[in-house]
Amino acid sequence: MQDSRIAPEVRVCAATDLVNGGLGVKVPVSDSAGQTTAFFVRYQDRVHGYLNRCAHVGVELDWEGSFFTRAGDLIMCARHGATYQPDTGLCVGGPCKNGRLTVLTVQERDGAVYWQPSGKIQPLASGG
């Protein structure tokens, strides 16, 4: 009998699609609060993944796939400017200071980025 709580890993994108401080890649997901997206970015040559929900008010963080500040050193909520450390998800500025983004398990191998879903955050079935 298959364990329905464990989803297979998800290929997010080619590793070259993510550049340090550049645009992120989003994947549709669901969690206990409903449907949203997860996002994946590269910072200091490492890939990081998070649930795309601001720790302050729960809105998606990005503006058209852009997650970083102009300097490329922090993730910033496009709605109200809360800032997060890209490598830990810790909020370091704004109304949610010391809050945290939900970290996802990510692996980079064989020229691609993979997400290992777990817990309540699961990929949405593709419509195709």
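In this numbering scheme, every chain counts its residues from 1 along its sequence in written order. Totals for whole chains, interfaces and linings use every residue, but because this is a predicted model, local features are given only for residues with pLDDT of at least 70 and side-chain atom pairs only at 80 or more, for both listing and counting. Remark: hydrogens and water are excluded; side-chain values derive from all non-hydrogen atoms of the structure.

Here's the deal with the pairing of strand S9 (residues 106-109)
- Only strands joined by at least two bridges in the DSSP assignment are considered to pair. Under the scheme used here, helices are H or I runs from DSSP no shorter than 4 residues and strands are E runs no shorter than 2 residues, and both carry numbers assigned from the N terminus. Across four bridges, S9 lies against strand S10 (residues 112-115) in antiparallel orientation. Paired with Val106 across the bridge in S10 is Trp115.
- Hairpin connection between S9 and S10: a loop of two residues separates the two successive antiparallel strands, and Asp110 in this loop has a positive phi of roughly 50 degrees.

Regarding the pattern of salt bridges
- The working definition used for a salt bridge is a side-chain nitrogen of Lys or Arg within 4 Å of a carboxyl oxygen of Asp or Glu. Counted according to the given criterion, the structure contains five salt bridges.
- The partner of Asp62 in a salt bridge is Lys26, with the nearest N and O atoms 3.1 Å apart. Placement of the pair is Asp62 in the loop between strand S4 (46-51) and strand S5 (75-76) and Lys26 in strand S2 (residues 25-31), with a sequence separation of 36 residues.
- Because the salt bridges share partners, they merge into one network encompassing Lys26, Glu60 and Asp62.

A closer look at the environment of Asn20
- Its place among the elements puts Asn20 in the loop between strand S1 (10-14) and S2.
- Remark: exposure states derive from per-residue accessible area (1.4 Å probe, protein chains only) relative to the maximum for the residue type, with buried under 20%, exposed over 50%, and partly exposed in between. Looking at Asn20, the relative accessible area reads 40%, which means it is partly exposed.
- In sequence terms Asn20 and Asp45 are 25 residues apart; their C-alpha atoms lie 6.2 Å from each other.
- Here Asn20 is in contact with Arg42, Tyr43, Gln44 and Asp45, once residues within four sequence places are set aside.
- A polar contact is formed between the side chain of Asn20 and the backbone nitrogen of Asp45, at a distance of 2.7 Å. Two residues form a contact once any of their heavy atoms are found within 4.5 Å. Polar contacts, as used here, are pairs of N or O atoms within 3.5 Å; protein pairs need one atom able to donate a hydrogen and one able to accept it. Residues neighboring in sequence count only if both atoms are side-chain atoms.

Digging into the packing of aromatic side chains
- Centres within 6.5 Å are what make two rings of Phe, Tyr or Trp a pair, Trp counting through its six-membered ring; a difference in plane orientation under 30 degrees is then read as stacked, over 60 as edge-to-face, and the rest as tilted. Taken as a whole and assessed by the stated rule, the structure comprises four aromatic pairs.
- For the pair Phe39 and Tyr50, a centre-to-centre distance of 5.7 Å together with 40 degrees between the ring planes defines the contact as tilted. Of this pair, Phe39 sits in strand S3 (residues 34-43) while Tyr50 sits in strand S4, placing them eleven residues apart in sequence.
- Accessibility expressed as a relative area gives 0% for Phe39, which makes it buried.
- Ring geometry for Tyr43 versus Phe68: centroids 6.4 Å apart, planes at 25 degrees, classification stacked. A residue pair is termed long-range when its members are at least 10 positions apart, and Tyr43 in strand S3 and Phe68 in the loop between S4 and S5 qualify at 25 residues. An identical accessibility class is assigned to Tyr43 and Phe68; each is buried.
- A connected cluster of aromatic rings, assembled from ring pairs, spans Phe39, Tyr50 and Phe67.
- Seen from the ring of Tyr114, Arg109 lies directly overhead, with NZ or CZ sitting 4.1 Å from the centre. The criterion for a charge sitting over a ring is simple: Lys NZ or Arg CZ within 6 Å of the ring centre, and within 35 degrees of the ring normal.

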